[in-house]
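# A closer look at the structure
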Amino acid sequence: MIERDQSGANQELTRRRLLQSALAGAGVLALAGVGSTSAAPIATSRQFSAARQGAAGTIIEGGTLTVDAFAPIVDANRTTQLIYDTLVLVDPATLLPKPNLATEWTVSEDGATYTFTLKSDVTFHDGTPLTADDVKFTFELLINPETASPYGPIFQPRIKTIEAPDPTTVVFTLNGPVASFLVDLNAYSLGILPKHLVEGIAPADLATSDFAQKSPVGSGPFKFDSYAAGEAVTLAANPDYHRGAPKLEQYVLKLLTDTTAAYQQLKTGEVDVTQISADFYEDAQAQSNFTPVTFDTLEMYMFGFNIDPAKGPAGLQDVKVRQAIAHAIDRQLIVDRIYSGLGTVAIGTQSPVSWAYQPDKITVSYDYDPDKAKALLDEAGWALDGDVRKKDGQELAFSISIAAGKQTDQGAALALQELLAEVGIAVEPKVDDPSPLATQPGVRDFQSMLVGFTFPYDPDQSLAFDSAGIEAGYNLWGYNSPEADDLLHKGLQSSDVKARTAIYVDLQNLLLTDLPVYVLHFTKGVTGVNNRISGYEPSAAGYKWAVQGDANIWDVTE
């Protein structure tokens, strides 16, 4: 527990001890699986033979990832980005759309009709031409409720009809203007499926079908080769790729247990690329066989609350309790000491790289102020009884779900535990494997969670906060606000940046008032790239990887 010191110097010393204990405790938490029945071990001894060190013509990416299916509309993951192709790409420098399968497009004056012209020489990996019928089929499957796509709630209310008047023309008619529509086609990794192979599969069975589990076929730069469950996915170069044959012969995604294993394999050369967690950043800077590439990202770290009254803890249903929690957290200390300074404390809910970032116009904020937190809890009727507050005989206590394998997140959860204990709130870190993001859409059997959440390139945040995503999407918190829905919808109906910015300022202030989540910070990404690799540029547009549109230029130089 934190000592209650009066002097500023002693308080700083106490907080320093807090963060030191959190960092040390993260390893214990990972080993012990606190609050979890399925915690992963710190490291794995399994080696994937195909992903041998320094393999010629092979790039090996490693990460603490899960792959549930190889069909992008039901599980958009790193491998589906490379197996399948999207209509448009996003320029990493501008975050604006550029051609890919679609060579050009026009938008009607009312902003509701998009007409795409497709390349005429694109084929799927089995040699079958990719046509407008495949695009139409894919998006109709996406918005079919029976498919249960996690991205369906985003596109179902937007798309009215999809037409394919000829093999190279696709016409999307929307229910109204959607300013983010073009970049969303790429941001959600909506690769085009082959109609001739998928149309016989019932939508509800797509995720578990042989196609999605064993024999995916796309039109991307790499073809599916093999999958060693829980270990690695191997892809082979597609020599007929429409953007040019890849320079590589093979791509391997190694599925590693945790960031420690990933970083150690980067150091030994067993993987060429992996994302580096903050606890290894200082060591990474001293290495000579790889380069730690740093960049701003769209990832926000959120302390998310289950505010579904039927499923969430009673205490978290009270907005004053959530506001007290916000005041009790020293975010800057957590960024500096747990995340090695690789983050920007959030002002609002928009990333500093977004054009909607307007820190001077955010009027709702929560400075670190434990006394104010205690006063809010007193006002809400949660009285201190020993070390923990109670109301109507019930303790103010809940668990924090965190992903297995991320020691920095586990350290942050322990820091939150200590900071909240100081104001009389008892929380218990709970390691979830797989990540709560993978298991919670429409479920909400968690109490709270600490999670990194990456939004698409456009400042629209419907994915996490539109009530349409409560049952099947990523509104994991059960946040149901007609006012927020209205602002989200208005933000997509205008193409004017100034007008949209004002709308998103209002939305941010509303979210900060309601606090379904408390955004702790925005991440600065660090990805290690072996010096034998060329043409590989990690960025926010690649979600910390290199963008899939450049996969054909990745190369091994030694």
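Everything numeric in this text was worked out from a predicted model, so none of it was measured.

Calculation criteria
Residues numbered from 1 in each chain as written. Predicted model: local features only at pLDDT ≥ 70, side-chain atom pairs only at ≥ 80, totals over all residues. Heavy atoms only, no water. Helix = DSSP H or I, 4+ residues; strand = E, 2+ residues; numbered from the N terminus. Buried < 20%, exposed > 50% of the residue type's maximum accessible area, 1.4 Å probe, protein only. Contact = heavy atoms within 4.5 Å. Areas by Shrake-Rupley, 256 points an atom, 1.4 Å probe, with all protein chains shown as cover. Core = buried A, V, L, I, M, F, W, Y, C linked by side-chain atoms within 4.5 Å. Pairing = 2+ DSSP bridges. Axes fitted to C-alpha atoms, helices over the stretch in contact; angles between N-to-C directions. pLDDT = per-residue confidence, 0-100. Parallel < 35°, antiparallel > 145°, perpendicular 65-115°, else oblique. Left-handed = near helix turned anticlockwise from the far one by under 90°. Nonpolar A, V, L, I, M, F, W, Y, C, P; charged D, E, K, R; others polar. Polar contact = N/O pair within 3.5 Å; in protein donor to acceptor, adjacent residues only side chain to side chain.

Let's shift gears to the overall build of the protein chain. Secondary structure assignment for the protein chain yields 17 helices and 22 strands. Across the 558 residues of the protein chain, 57% fall into the buried class. Taking contacts inside the protein chain between residues at least 6 apart in sequence as the whole, the part at least 24 apart equals 70%. Here the protein chain has roughly 21100 Å² of accessible surface; of this, 48% comes from carbon and sulfur atoms.

Glancing now at the nonpolar core. Grouped together as the largest cluster of nonpolar side chains are 159 residues, with contacts concentrated most on Phe139, Phe172, Phe303, Ile325, Ile329 and Trp477. Look past the residues within four positions of Ile325 in its chain and what remains in contact with it is Phe303, Phe305, Leu316, Phe398, Leu420 and Ile425.

Looking now at the sheet that holds strand β4 (residues 102–107). Strand order in this open sheet of 4 strands is β4-β5-β7-β6, and the pairing throughout is antiparallel. Each edge of the open sheet is held by one strand with a lone partner, namely β4 and β6 (159–166). For this sheet, the mean inter-axis angle between neighbouring strands, taken without regard to orientation, is 20 degrees. Two elements, β6 and strand β7 (residues 169–174), share 5 bridges in a ladder whose sense is antiparallel. Directly across from Thr161, in β7, lies its bridge partner Thr173. Contacting β5 (113–118), β6 and β7, helix α3 (residues 132–142) runs over the sheet at an angle of about 165 degrees to β6.

Turning our attention to the confidence of the model for the protein chain. Predicted confidence across the protein chain gives a mean pLDDT of 89, with 90% of residues reaching 70 or more. Throughout residues 27–52 the model reports pLDDT below 50, and contacts reaching past four residues in sequence, or to other chains, amount to 57 contacts.

Attention now goes to the side chain of Thr259. As for its placement among the helices and strands, Thr259 is situated in helix α8 (residues 259–268). The exposure class of Thr259 is buried, given its relative accessible area of 11%. In contact with Thr259, other than residues within four places in its own chain, are Thr64, Ser277, Phe280, Gly405, Lys406 and Gln407.

Let's shift gears to the packing of helix α10 (residues 319–327) against helix α12 (residues 370–379). At their nearest, the axes of α10 and α12 sit 8 Å apart, and the two run at 165 degrees to each other. With respect to α12, the element α10 is oriented roughly antiparallel. Note on packing geometry: the crossing formed by α10 with α12 is left-handed. Between α10, through Lys320, Val321, Gln323, Ala324 and His327, and α12, the contact on the second element is made entirely by Pro370, Lys372, Ala373, Leu376, Leu377 and Glu379. For the contact of α10 with α12, a count of residues per class yields 6 nonpolar, 2 polar and 3 charged.

Moving on, we come to the packing of helix α16 (residues 482–491) against helix α17 (residues 497–514). Any two packed helices are characterised by how steeply their axes cross, that is the angle between the axes, and by the distance between the axes. Across the interface, α16 lies against α17 with an axial gap of 9 Å and an inter-helix angle of 160 degrees. Taken together, α16 and α17 sit at an angle that is classed as roughly antiparallel. Crossing of α16 over α17 shows left-handed handedness. On the side of α16, the interface is formed by Glu483, Ala484, Leu487, Leu488, Lys490 and Gly491, while α17 contributes Arg500, Ile503, Tyr504, Asp506, Leu507 and Leu510. For the contact of α16 with α17, the residue count by class is 7 nonpolar, 1 polar and 4 charged.

This part takes up the side chain of Ser399. Following the sequence through the fold, Ser399 ends up in strand β17 (residues 397–403). Residue Ser399 is classed as buried on the basis of its relative accessible area, which comes to 11%. Beyond its immediate chain neighbours, meaning those up to four positions away, Ser399 contacts Glu428, Lys430, Gln447 and Ser448.

What follows concerns α8. Most of α8 sits out of view: 7 of its 10 residues are buried. Buried residues along α8 sit in contact with β10 (250–255), β11 (273–275), α9 (281–284), β12 (290–305), α13 (407–421) and β20 (517–530). Capping of α8 at its N-terminal end is provided by Asp258; its side-chain oxygen lies 3.0 Å from the backbone amide nitrogen of Thr260. Gly269 sits one or two residues past α8 and shows a positive phi near 90 degrees.

Turning our attention to the pairing of strand β8 (residues 222–228). Pairing between β8 and strand β9 (residues 232–237): 6 bridges, direction antiparallel. The residue of β9 that forms the bridge with Ala228 is Ala232. Linking β8 to β9, which pair antiparallel, is a turn of 3 residues; within it Gly230 sits at a positive phi near 75 degrees.

Our next topic: the sheet that holds strand β16 (residues 394–395). Ordered in space as β14-β15-β16, the 3 strands form an open sheet in which the pairing is antiparallel. In the strand order of this sheet, the two ends are held by β14 (383–385) and β16, each with one partner.

Attention shifts here to the environment of Gln447. Structurally, the position occupied by Gln447 is in the loop between α14 (436–439) and β19 (448–454). Residues Gln447 and Pro313 lie 134 residues apart in sequence; the distance between their C-alpha atoms is 6.2 Å. In this structure, Gln447 is in contact with Phe305, Asn306, Pro313, Leu316, Phe398 and Ser399, ignoring residues within four places of it in sequence. Reaching out from Gln447, the side chain makes a polar contact with the backbone nitrogen of Ser399 at a distance of 2.7 Å.

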